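# Reading the structure
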Amino acid sequence: MSATDIQAAAARAVELALDAGATSAEGYGQDERDVEIRVYDRAVESLTEAGSRGIGVRAFASEGRSGYAFTTSLKEDDLKTLATRAVELAQVSDPDEFAGLPELTGRGEAGSLIAAEFEDWDTARKVEFAIAVDHAARTFDERVSQVEQTIYADERSIVAIANSNGFTDSYESTGAYAYSSAFAGKGDALMTGLGLDIARGPGGLNADAIGREAAERAVVMIGAGRTESRKAPVVLDEFTAASFVGIASGALSGEAVLRGRSPLVGKDGETVASEVLTLTDDGLIDGGPSSAPFDGEGVARRVTPLIEGGVIQNFLYDSRTAREAGKASTGSARRGSYRGGPGPGASNVIVGKGSATLEELLEQAGDGLYVTNVVGLHSGVNPVSGQFSVGASGIEIKDGKLAGPVREATIASDLITMLLGVQAAGAERRWIPFGGSVLTPPLLVAEMSIA
């Protein structure tokens with residue numbers, strides 16, 4: 001089905017909702033095709049090709065009452081039933097003075113969202129790629145004892161939105177990623193390492209690099225021991241930096257702030273980070289996994305400064321939370337699928353890069369810990385205070401150089417103290433899909449509690 005077809009169905013659902021008594025309405029259509037290939041020991045363990053298509057209708061009644069319903073059928077009778085149901089739900093829901101369609105809709109310039117070669121890759125070629133990743137992880141170093149799993153996945157999707165204020169538009173996008181998890185060592189000393197890559201299409205992924213990274217990250221941890229308890233500088237590699245940035249972007253959600261579920265409540269315009277740290281939400285950046293011309297309710301995506309010079313510049317709002325906060329939408333409405341309505345969240349979070357190499361960051365740290373993995377971060381963070389205490393592994397830093405590997409450590413701090421403690425950012429950045437879509441370099445934090 002084409003984008004034009006999905007867009008027409010979304011528009012028709014809006015007409016039917018108005019006919020059923022809605023004061024205003026929005027139709028959200030989506031058509032996706034997904035492939036996931038799991039490989040174990042150079043053979044396909046599972047292969048899934050799936051498609052999903054549907055329309056969701058958000059209908060509004062008097063006093064901001066709203067109802068949401070969805071269907072997987074685009075037939076006229078089913079759309080009519082869908083629209084009627086959404087209106088019925090709206091009429092019995094609670095009033096909400098801030099609910100409603102966005103005042104301003106539009107389209108930003110997100111560049112090409114489709115990999116030109118995407119359709120050139122048939123399933124057999126994707127299987128060969130996944131096996132090549134697995135092979136690279138197993139053969140890069142003889143100390144690799146096992147590869148737990150290797151996964152290749154891609155997606156081609158169409159998104160269309162129409163509303164009763166006259167907005168109607170659509171876009172198509174593709175995406176692909178692959179990762180491998182390797183083991184090195186034996187018995188209780190078994191160490192793991194993850195390698196990954198993400199791109200618009202499979203042609204942008206590097207099988208050897210993914211496998212090599214998984215192997216290298218596992219092998220370097222062989223012989224890992226405990227570390228002593230202390231407060232010391234920490235260098236976060238790109239994987240762990242992205243995880244913490246994802247926590248920070250969640251705290252910058254307008255909804256989290258309005259609900260009092262963020263340590264940044266009441267700190268709009270205040271200094272909450274070091275001058276070194278710059279965070280930007282960029283919904284249009286070329287190559288961004290979450291780039292799109294408009295957000296989940298038709299507001300044009302844009303570049304939104306979040307933290308500059310250590311000062312909060314903006315929180316992230318969809319149209320509803322923007323009204324409640326007395327602000328304008330930042331084009332930050334997100335939707336998981338046609339099965340649910342929008343809510344505010346980050347698109348692509350960009351961490352400003354510095355000028356230091358990794359070696360220079362380690363030298364600045366002196367004695368500390370180079371953290372390459374954290375465990376339980378999302379469940380280990382208090383969303384109100386920002387305090388965290390999470391499991392970590394990595395490599396000791398002695399006299400500015402990498403020393404022995406460390407496992408079963410704990411690092412603890414709180415979000416604002418950590419942001420204020422960022423002393424330097426690396427010069428090289430990469431996309432990491434942890435905690436959302438994050439482009440980040442490694443970061444040097446002045447001090448954390450290590451145990």
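Presented here is an overview of the structure given in this document. What you see as residue numbers is a count from 1 along each chain, following the sequence as written. Local features are withheld for residues below a pLDDT of 70 in this predicted model, meaning they are given only at 70 or higher, and side-chain atom pairs are given and counted only at 80 or more; totals for whole chains, interfaces and linings count all residues. The basis for the side-chain values is all heavy atoms of the structure; hydrogens and waters are excluded.

### Observations concerning the overall build of the chain
Keep this limit in mind: A run of DSSP states H or I qualifies as a helix once it reaches four residues; a run of E qualifies as a strand once it reaches two. Both are numbered from the N-terminal end. C-alpha atoms define the radius of gyration in this analysis, and the globule rule sets the expected value at 2.2 Å times the number of residues to the power 0.38. Throughout, a contact is declared for two residues whenever any of their heavy atoms are within 4.5 Å. In this description, accessible areas are obtained by the Shrake-Rupley approach with a 1.4 Å probe, and a residue is regarded as covered only by the protein chains that are shown. Counting rule applied: Lys, Arg positive; Asp, Glu negative; His and chain ends not counted. Throughout, a charge is located at the NZ atom of Lys, the CZ atom of Arg, the CG atom of Asp or the CD atom of Glu.
Assigned secondary structure in the chain consists of nine helices and 20 strands. The C-alpha radius of gyration computed for the chain amounts to 24 Å, which stays within 12% of the reference 22 Å derived for 451 residues, consistent with globular compactness. Taking the principal axes of its C-alpha atoms as reference, the chain extends roughly 70 × 55 × 35 Å. Considering only intrachain contacts with a sequence separation of at least 6, the fraction spanning at least 24 residues in the chain is 72%. Accessible area of the chain: about 18,700 Å², with a carbon and sulfur share of 46%. In the chain, 40 side chains carry a positive charge and 64 a negative one; their mean positions are 2 Å apart.

### Topic: the packing of aromatic side chains
Counted only if it meets this: Aromatic rings from Phe, Tyr and Trp, with only the six-membered ring used for Trp, were paired whenever their centres fell within 6.5 Å, and each pair was classed as stacked if the ring planes differed by under 30 degrees, edge-to-face if by over 60, and tilted otherwise. For each residue, the accessible area found with a 1.4 Å probe, counting protein chains only, is set against the maximum for its type, and the residue is called buried under 20%, exposed over 50%, and partly exposed in between. Placement of a charge over a ring requires the Lys NZ or Arg CZ to be within 6 Å of the ring centre, with the centre-to-atom vector within 35 degrees of the ring normal.
In this structure the tally under the stated criterion is seven aromatic pairs. Aromatic side chains Tyr 171 and Phe 294 sit 5.1 Å apart centroid to centroid with 75° between the ring planes, which places their arrangement in the edge-to-face category. With a gap of 123 residues between them, Tyr 171 in strand S5 (residues 168-184) and Phe 294 in the loop between strand S8 (279-282) and strand S9 (303-308) connect regions that are remote in the sequence. Of the residues examined, Tyr 171 reaches a relative accessible area of 15% and is grouped as buried. We classify Phe 294 as buried; its relative accessible area is 1%. A connected cluster of aromatic rings, assembled from ring pairs, spans Trp 121, Phe 129 and Tyr 152. For the cation-ring pair, Lys 126 lies above Phe 118, with the distance from its terminal atom to the ring centre recorded as 5.4 Å. The residue whose ring lies beneath Arg 335 is Tyr 28, and the NZ or CZ to ring-centre distance is 4.1 Å.

### Focus: unusual backbone geometry
Positive phi is not limited to glycine here, since Asp 41 has a value of about 55°. Residue placement: Asp 41 occurs in the loop between strand S1 (24-40) and strand S2 (43-60).

### Considering the pairing of strand S20 (residues 443-450)
Heads up, the condition is: At least two bridges found by DSSP between two strands is the condition for calling them paired.
The pairing of strand S7 (residues 230-236) with S20 spans six bridges and is antiparallel. Paired with Val 234 across the two strands is Val 445, which belongs to S20. Inspection of the sheet shows strand S16 (residues 401-414) paired to S20 by two bridges, in the antiparallel sense. Its bridge partner lying in S20, Ile 411 is registered against Ile 450. Summarising the sheet, strand S17 (residues 422-425) and S20 pair through three bridges and their orientation is antiparallel. Of the residues in S20, the one forming a bridge with Val 422 is Val 445.

### Considerations on the sheet that holds S1
Operational definition: Lines are fitted to the C-alpha atoms to define the axes, a helix being fitted only along its stretch in contact, and any angle between axes, read from their N-to-C directions, falls within 0 to 180 degrees.
In spatial order, the strands read S3-S2-S1-S4-S5-S6; together these six strands make up an open sheet with antiparallel pairing. Here the strands that pair on one side only, and so sit at the sheet edges, are strand S3 (66-71) and strand S6 (191-199). Taken over all neighbouring pairs, the strand axes of this sheet differ in orientation by 20° on average, direction set aside. The pairing of S2 with S3 spans six bridges and is antiparallel. Residue Val 57 lies in a different strand from S3, and its bridge partner there is Ala 69. Sitting on the sheet, helix H1 (residues 3-19) is in contact with S1, S2, strand S4 (144-163) and S5, with an inclination near 140° to S1.

### Some thoughts on the pattern of salt bridges
Counted only if it meets this: What makes a salt bridge here is a side-chain nitrogen of Lys or Arg within 4 Å of a carboxyl oxygen of Asp or Glu, nothing more.
Per the counting criterion, the structure on display carries 27 salt bridges. Across the pair Glu 26 and Arg 58 runs a salt bridge, and its minimum N-O distance is 3.0 Å. Remark: Arg 58 occurs in strand S2 and Glu 26 occurs in strand S1; sequence separation between them is 32 residues. Here the two residues Glu 26 and Arg 58 agree in accessibility, since each one is buried. Glu 36 is paired through a salt bridge with Arg 38; the nearest N and O atoms lie 3.0 Å apart.

### Quick word on the layout of surface pockets
Condition: Buriedness of a pocket was judged along seven lines, with at least five required to meet protein on both sides within 12 Å; pockets are open sets of points on a 1 Å grid over the protein atoms alone, cavities are sets where a 1.4 Å probe fits but cannot get out, and lining residues have an atom within 4 Å of a point. Grid points are joined across faces, edges and corners, and a volume is the space filled by probe spheres set on the points. Classes in brief: Ala, Val, Leu, Ile, Met, Phe, Trp, Tyr, Cys and Pro nonpolar; Asp, Glu, Lys and Arg charged; the others, Gly included, polar.
Estimated volume of the largest pocket: approximately 1,100 Å³. Around the largest pocket, the lining is made up of 39 residues, and of these Glu 32, Glu 155, Ser 173, Pro 289 and Ser 290 lie nearest the centre. Secondary-structure elements contributing two or more residues to the lining of the largest pocket are S1, S4, S5, S6 and strand S11 (333-334). A per-class count over the lining of the largest pocket returns 16 nonpolar, 14 polar and nine charged. Here the second largest pocket is characterised by a volume of approximately 620 Å³.

### Brief notes about the sheet that holds strand S18 (residues 430-432)
Pairing is mixed across the open sheet formed by six strands, whose spatial order is S10-S9-S8-S13-S19-S18. The sheet terminates laterally at strand S10 (311-312) and S18, the two strands that pair on one side only. With three bridges connecting them, S18 and strand S19 (residues 437-440) associate as antiparallel partners. If you follow Arg 430 over to S19, its bridge partner there is Thr 440.

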